[in-house]
Amino acid sequence: MKDKGTGAGFGKTILFGEHFVVYGLPGIASGIGDRTIAEIEPAEKYELIDNRPATPDYKQKKKGEMERSMKMILDFMRIDVEKNPVKITLSGNLYCTSGVGASAAMATSIARAFSDLYELNLNDEQINRISYEGEKGTVGTHSGLDNTCATFGGLIWFIKNLEGGENTIEHIDLKEPIDIVLANTGISQDTKEVVMDVKSNKEAEPEKYERIFRDYEAFVHEARSALEGGDFDRLAQLIDRNHELLREITVSCKEAEEIITAAKENGATAGKITGTGRGGYVILLTPRKDIQDRVAKAIEAKGYKTMKTTIGY
Ligand code: MEV
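A.B. asks: Teacher, can you tell me more about the nonpolar core here?
C.D. replies: In terms of nonpolar packing, the biggest core is built from 60 residues, with Phe16, Phe20, Ile28, Leu284 and Ile299 touching the most fellow members. Looking at this core element by element, the count peaks at nine residues for helix H7 (residues 206–229). A domain split of this core shows at least three residues from each of domain 1 (5–171) and domain 2 (178–311). When near neighbours in sequence (up to four residues on either side) are disregarded, phenylalanine 16 contacts Gly27, Ile28, Tyr216, Phe219, Val220, Ala223, Leu235, Leu238, Ile239, Asn242 and Lys272.

A.B. asks: Where do I start with unusual backbone geometry in this structure?
C.D. replies: Most peptide bonds are trans, and most residues other than glycine sit at a negative phi. With a phi close to 50 degrees, glutamate 119 is a non-glycine residue in the positive phi region. When you line up the elements, glutamate 119 lands in the loop between helix H3 (102–117) and helix H4 (124–139). One non-glycine residue, arginine 278, lies in positive phi territory at about 55 degrees. Among the structural elements, arginine 278 can be located in the loop between strand S8 (270–274) and strand S9 (281–285).

A.B. asks: Which parts of the structure should I look at to understand the environment of glutamate 44?
C.D. replies: Considering the arrangement of structural elements, one finds glutamate 44 in the loop between strand S2 (27–42) and strand S3 (47–50). Sequence-wise, glutamate 44 and asparagine 128 are 84 residues apart; in three dimensions their C-alpha atoms are separated by 29 Å.

A.B. asks: Which parts of the structure should I look at to understand the packing of helix H2 (residues 63–77) against H3?
C.D. replies: Describing two packed helices takes the angle between their axes plus the distance from one axis to the other. Between H2 and H3, whose axes approach to 11 Å, the crossing angle comes to 35 degrees. The two elements H2 and H3 cross, and the hand of that crossing is right-handed. Touching Met66, Ser69, Met70, Ile73, Leu74 and Met77 of H2 are Met106, Ala107, Ile110, Ala111, Phe114 and Ser115, all from H3. Of the residues in the contact of H2 with H3, the class split is 10 nonpolar, two polar and no charged.

A.B. asks: Looking at this structure, I do not really get the site of the ligand. What am I missing?
C.D. replies: The ligand sits among Lys12, Ile14, Glu18, His19, Val21, Val22, His142, Ser143, Asp146, Val195, Gly275 and Thr276. Within the backbone of histidine 19, a nitrogen or oxygen atom sits 2.8 Å from an oxygen atom of the ligand. Its free accessible area being 300 Å², the ligand has 97% of it covered by the protein chains. Partitioning the shell around the ligand into residue classes produces four nonpolar, five polar and three charged. Inspection of the shell around the ligand shows a minimum of three residues originating in each of domain 1 (5–171) and domain 2 (178–311).

Calculation criteria
- Residues numbered from 1 in each chain as written.
- Predicted model: local features only at pLDDT ≥ 70, side-chain atom pairs only at ≥ 80, totals over all residues.
- Heavy atoms only, no water.
- Core = buried A, V, L, I, M, F, W, Y, C linked by side-chain atoms within 4.5 Å.
- Buried < 20%, exposed > 50% of the residue type's maximum accessible area, 1.4 Å probe, protein only.
- Helix = DSSP H or I, 4+ residues; strand = E, 2+ residues; numbered from the N terminus.
- Domains from an automatic or database assignment.
- Contact = heavy atoms within 4.5 Å.
- Axes fitted to C-alpha atoms, helices over the stretch in contact; angles between N-to-C directions.
- Left-handed = near helix turned anticlockwise from the far one by under 90°.
- Nonpolar A, V, L, I, M, F, W, Y, C, P; charged D, E, K, R; others polar.
- Near = heavy atom within 4 Å.
- Polar contact = N/O pair within 3.5 Å; in protein donor to acceptor, adjacent residues only side chain to side chain.
- Areas by Shrake-Rupley, 256 points an atom, 1.4 Å probe, with all protein chains shown as cover.

As structure tokens, this is what we get:
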């Protein structure tokens, strides 16, 4: 055993398919450069110190989820922190709120830090499996997309295997990096609640949801080709179409709509909710640095925090 173990997990942004991936439809997501770092060292008693930057209500709202997630990770790794107490310190530059994969980044960073501390030499697949378990504590039934991005980073094509077997995870190569702005609505949402709500709406209106799913499936493959071929005009149209479908399943909100309108007035070519929705983050496509700067400034002027970043980490 080492004196201290360290591990990191990437934040993520979903370009296509949040909520739809839960039902086995393809999703496209990317790790972002911002990360959560976990440091774990032996201690007198078990302690979790959370120094991650976060929206004011995030840590309070997520306390129960975090405790459940921790328990699932420890049980799965068969680590007994009563017998062998540790101090876990969370930090990093990933600004925590819903929509940016913060809980998965935390789970991956902790799994990596334990692997480092106890010299377990776990590979990425094993880390991803642990992070998936941790996410069950947070999200309940989930697709596995967030933990996959948190662990592997990069731009990925993802299909959840509904039969419980291996998920499809394919790396998508970009011709050139894509500049985006992530704007924070300032509202934290409980992913589990929103996913359950979408499920009950789907059960209440099966035909509507079937139509929405078919609409989505008809363009998500083209979205992948647009990314691979660097066709940003087509990409922008398809991101907007995805957002229309997210509006239809009621996961947008007035803050997200205000952000998208301000961004488009300042040169963003597309915008959509990314992640859970009803708050959290909005992703804005800003195909040049000067547009990225202008869009971020305009959104900040409306009182929202932004992150200028690039897809494909
Ligand atoms: C949350 O980031 C993404 C959702 O699609 C849930 C999931 O994929 O597990 C809303």
